[in-house]
Amino acid sequence: MYRIERSRDDNLTRIAMLEMARLCYTCGICVGDCPAARFSDDFNPRQIFLKVCLGVGEGLTGEDSPIWKCTTCYTCSERCPAGVKPLDVILALRNLSFKQGACPEGVKAVRASVLEKGVVGAVTQRITDLRKRMNLPEAGDDQGSDLEQFISEA
Amino acid sequence: MKPEALKQEFSFFPGCMARLKLPQVERSVRTLLEDLGVSLKDEPRFTCCPDPVMFRSASRDDWLLLAARNLSLDSGPPIVTLCPGCASSLSEARHVLDEDEELAASVAARLRKLGLKLALPHTQHFLQILSDPGVREDIAERVTMRFDGLKAGTHYGCHLVRPSSAVHFENPEKPTCLDELLSLAGAERVDYEDKYLCCGRPSIDDATSRSIVEHKLKAMKAAGCEVLIVACPFCFEQFDLGQAILERKGGSFGIPVLYISQFLSLAMGRDPQELGLELHRIKPNGLL
């Protein structure tokens, strides 16, 4: 099915070890009620874990990888009989893609917004007016001032 | 007498989505909890939980740090959220830190630089408070506007009950709380096809997300749903705005979406305008 590389991708080996993907015995329960598998053509969690275990990196990371189709519903993690947390494996692959600079713009935008302002989104005049009319506390967007430094400190 | 579950104060975590996009949801949750006698405390330093989907997809380490910061800001009362994403994210971070002493020590050292002491307060979605039998009894007694025979579909939202290892609320695959709460005001439960399927919203692939929401709306319509009740701001937007977009492209559903707190507040006699119902894309006028 896949050609096993002589030189495995170390990043994948790390994920296989840390996220327990190596315990997967490809039973396929993670595919059964997976919304992303059912409603798209190329998202198959079992195939993803097999590739991680075999160290086959091709197509697993990057902006066009099917990993972004996952809805993070956690059904797979609830059901896996081997104790793998499939969603954690997907998230680890997404983290790796981000680190390599190859992830969807939306992810970068949300991260930038949180680190800059503390929130996702903006305090528009419309929202300020609506919140005032509804007698809600003012929505701030300046809690983020120290966050960038906080996470970057070694 | 005040039910036992309400005797403590909660730190209120509104989350970005309701705060900045759906203030009517925040209004209705505050109104409902205040009407039931829950004391809420605001913590202005709370940031994004952070988002368990988008933010965590960039870096799990950074997600954990920012979640730990939120948990540690006010080392006092337990936290109550209106968004399952926030509750699930903070609960999962708490679970991770609770299980891994070494990791917790390194996070604690980082927090000390901000002048904070690592704290892991219990975090829950407000529906967990409403699951208390005493609180339910109280709601039932306060119902002044009944919805007898209204066919109400429910959509629970994945993060409300999962991951069950961290969230500990209801059956993680077949929750019942929304259906039970609706029945307090006489609404009729509808078991439409794929009721427990995800709404699709968190998929970063638009086509996948749209096919799922369309499938669910068709199933609701086929089962005769007259209203859809949700408990997640993202699910709300997916079914309200998402439905409006599908209708513009020729779909026909006509299923208004209410947050459970809007529904219960209406049943308890609150004014529809004060709950912001006029802001919905799919107008719920037929229900009132």
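What you are looking at is a predicted structure, and each value in this text was computed from that prediction instead of being measured.

> Please clarify how the packing of aromatic side chains should be interpreted in this entry.
By convention here, two paired aromatic rings are described through the distance between centres and the angle between planes. Residues and elements named next belong to chain B. Applying the stated criterion across every chain, the model contains three aromatic pairs over all chains. Judged by centre distance (6.2 Å) and plane angle (20 degrees), the rings of tyrosine 156 and tyrosine 196 are stacked. Taken together, the residues span a long stretch of sequence, with tyrosine 156 in the loop between strand 5 (151-155) and helix 9 (158-161) and tyrosine 196 in the loop between strand 6 (188-189) and helix 12 (206-222) at a distance of 40 residues. Judged by its relative accessible area of 28%, tyrosine 196 is partly exposed. Lying over the aromatic face of tryptophan 63, arginine 56 brings its terminal NZ or CZ to 4.6 Å of the ring centre.

> Got a minute to help me understand the environment of Leu111(B) in this structure?
If you trace the backbone, Leu111(B) turns up in helix 6 (residues 101-112). In this structure Leu111(B) touches Phe150(A), Ala68(B), Arg69(B), Ser72(B), Leu116(B) and Leu118(B), once residues within four positions along its chain are discounted.

> Any chance you could explain the packing of helix 12 of chain B against helix 13 (residues 233-248) of chain B here in plain terms?
Between two packed helices, both the angle of their axes relative to each other and the distance between the axes serve to describe the pair. All names here are of chain B. At a closest axis distance of 10 Å, the pairing of helix 12 and helix 13 adopts a crossing angle of 90 degrees. Classified by the angle their axes make, helix 12 and helix 13 are roughly perpendicular. Contact residues: helix 12 offers Ser209, Val213, Glu214, Lys216, Leu217 and Met220, while helix 13 offers Gln238, Phe239, Gln243 and Leu246. Grouping the amino acids of the contact of helix 12 with helix 13 by side-chain chemistry returns five nonpolar, three polar and two charged.

> What is the right way to look at the domain arrangement of chain A in this model?
Each assigned domain of chain A is listed here: domain 1 (10-99) and domain 2 (105-152). Here the C-alpha centroids of domain 1 of chain A and domain 2 of chain A sit 31 Å apart.

> Would you mind going over the interface of chain A and chain B with me for this structure?
Accessible area lost on assembly of the parts is the figure often given for the size of an interface. Facing the 51 residues of chain A at the interface are 56 residues of chain B. Taken together, both faces of the contact between chain A and chain B bury some 4700 Å²; the carbon and sulfur share is 61%. Interface area lost by chain A to chain B is led by Phe39(A), Tyr74(A) and Phe150(A), which between them contribute 15%. Viewed at the interface, chain B and chain A are joined by five salt bridges. Note that Glu278(B) is salt-bridged to Arg133(A), the shortest N-O span being 2.7 Å. Linking chain A to chain B there are 24 residue pairs in polar contact (both at pLDDT 80 or more). Counting only elements with at least two residues in the side of chain A that touches chain B, the list comes to helix 3 (35-38), helix 5 (75-79), helix 6 (86-99), helix 7 (105-117), helix 8 (125-133) and helix 9 (147-152) of chain A. Classifying every residue of the side of chain A that touches chain B gives 28 nonpolar, 11 polar and 12 charged.

> Looking at this model, I keep getting lost on the nonpolar core. Mind explaining?
Nonpolar side chains tend toward joint burial in soluble globular proteins. Judged by nonpolar contacts, the single largest core of 136 residues is most densely connected at Phe126(B), Leu127(B), Leu130(B), Phe239(B), Ile260(B) and Phe263(B). Contacts of Leu130(B), omitting those with residues within four sequence positions, involve Leu32(B), Leu33(B), Leu36(B), Val135(B), Arg136(B), Ile139(B), Leu181(B) and Leu264(B).

> Would you take a moment to explain the domain arrangement of chain B for this structure?
Residues and elements named next belong to chain B. Domain parsing of chain B yields domain 1 (7-126) and domain 2 (143-282). Taking both partners together, domain 1 and domain 2 bury about 2300 Å²; carbon and sulfur atoms supply 73% of that area. Together, Met17, Gln24 and Pro84 form the three largest contributors to the area buried by domain 1 at its contact with domain 2, with a combined 24%. At the junction of domain 1 with domain 2, the criterion picks out two salt bridges. In this structure, lysine 21 and glutamate 237 form a salt bridge, with 3.0 Å as the shortest nitrogen-oxygen distance. Counting across the domain 1 and domain 2 interface gives six residue pairs in polar contact (both at pLDDT 80 or more). Elements with a minimum of two residues in the side of domain 1 that touches domain 2: helix 2 (23-35) and helix 5 (84-99).

Each value, and the rule that gives it
By convention here, each chain's residues receive numbers from 1 onward along its written sequence. Each chain takes a letter, starting from A, and each ligand takes a number, starting from 1, following the order in which they are written. pLDDT decides what is reported in this predicted model: residues at 70 or higher carry local features, side-chain atom pairs at 80 or more are listed and counted, and totals for whole chains, interfaces and linings draw on all residues regardless. As a convention, hydrogens and water are excluded, and side-chain values are obtained from all of the structure's heavy atoms. Each Phe, Tyr or Trp ring (for Trp, its six-membered ring) is paired with any other whose centre lies within 6.5 Å, and the angle between the two planes then decides the class: stacked below 30 degrees, edge-to-face above 60, tilted in between. Counting from the N terminus, the helices are DSSP H or I runs at least four residues long and the strands are E runs at least two residues long. Burial classes: relative accessible area under 20% of the type maximum marks a residue as buried, over 50% as exposed, and values in between as partly exposed (1.4 Å probe, protein chains only). When the NZ atom of lysine or the CZ atom of arginine is within 6 Å of a ring's centre and also within 35 degrees of its normal, the charge is said to sit over that ring. Any two residues whose heavy atoms approach within 4.5 Å are treated as being in contact. All axes here are fitted lines through C-alpha atoms, helices being fitted over the stretch that makes contact, and every angle between N-to-C directions spans 0 to 180 degrees. Any angle from 65 to 115 degrees is called roughly perpendicular, while one under 35 is roughly parallel, one over 145 is roughly antiparallel, and all others are oblique. The classification used treats Ala, Val, Leu, Ile, Met, Phe, Trp, Tyr, Cys and Pro as nonpolar, Asp, Glu, Lys and Arg as charged, and all other residues, Gly among them, as polar. Residue ranges for the domains originate in an automatic or database domain assignment. Put simply, buried area is the surface a 1.4 Å probe can reach on two separate parts but cannot reach once they are joined, added for both. Salt bridges are defined as contacts in which a side-chain nitrogen from Lys or Arg sits within 4 Å of a carboxyl oxygen from Asp or Glu. By the criterion applied in these results, polar contacts are pairs of N or O atoms within 3.5 Å in which, for protein atoms, one can donate a hydrogen and the other can accept it, and in which residues neighboring in sequence qualify only through two side-chain atoms. What makes a nonpolar core is a set of buried Ala, Val, Leu, Ile, Met, Phe, Trp, Tyr and Cys residues whose side-chain atoms join them at distances within 4.5 Å.

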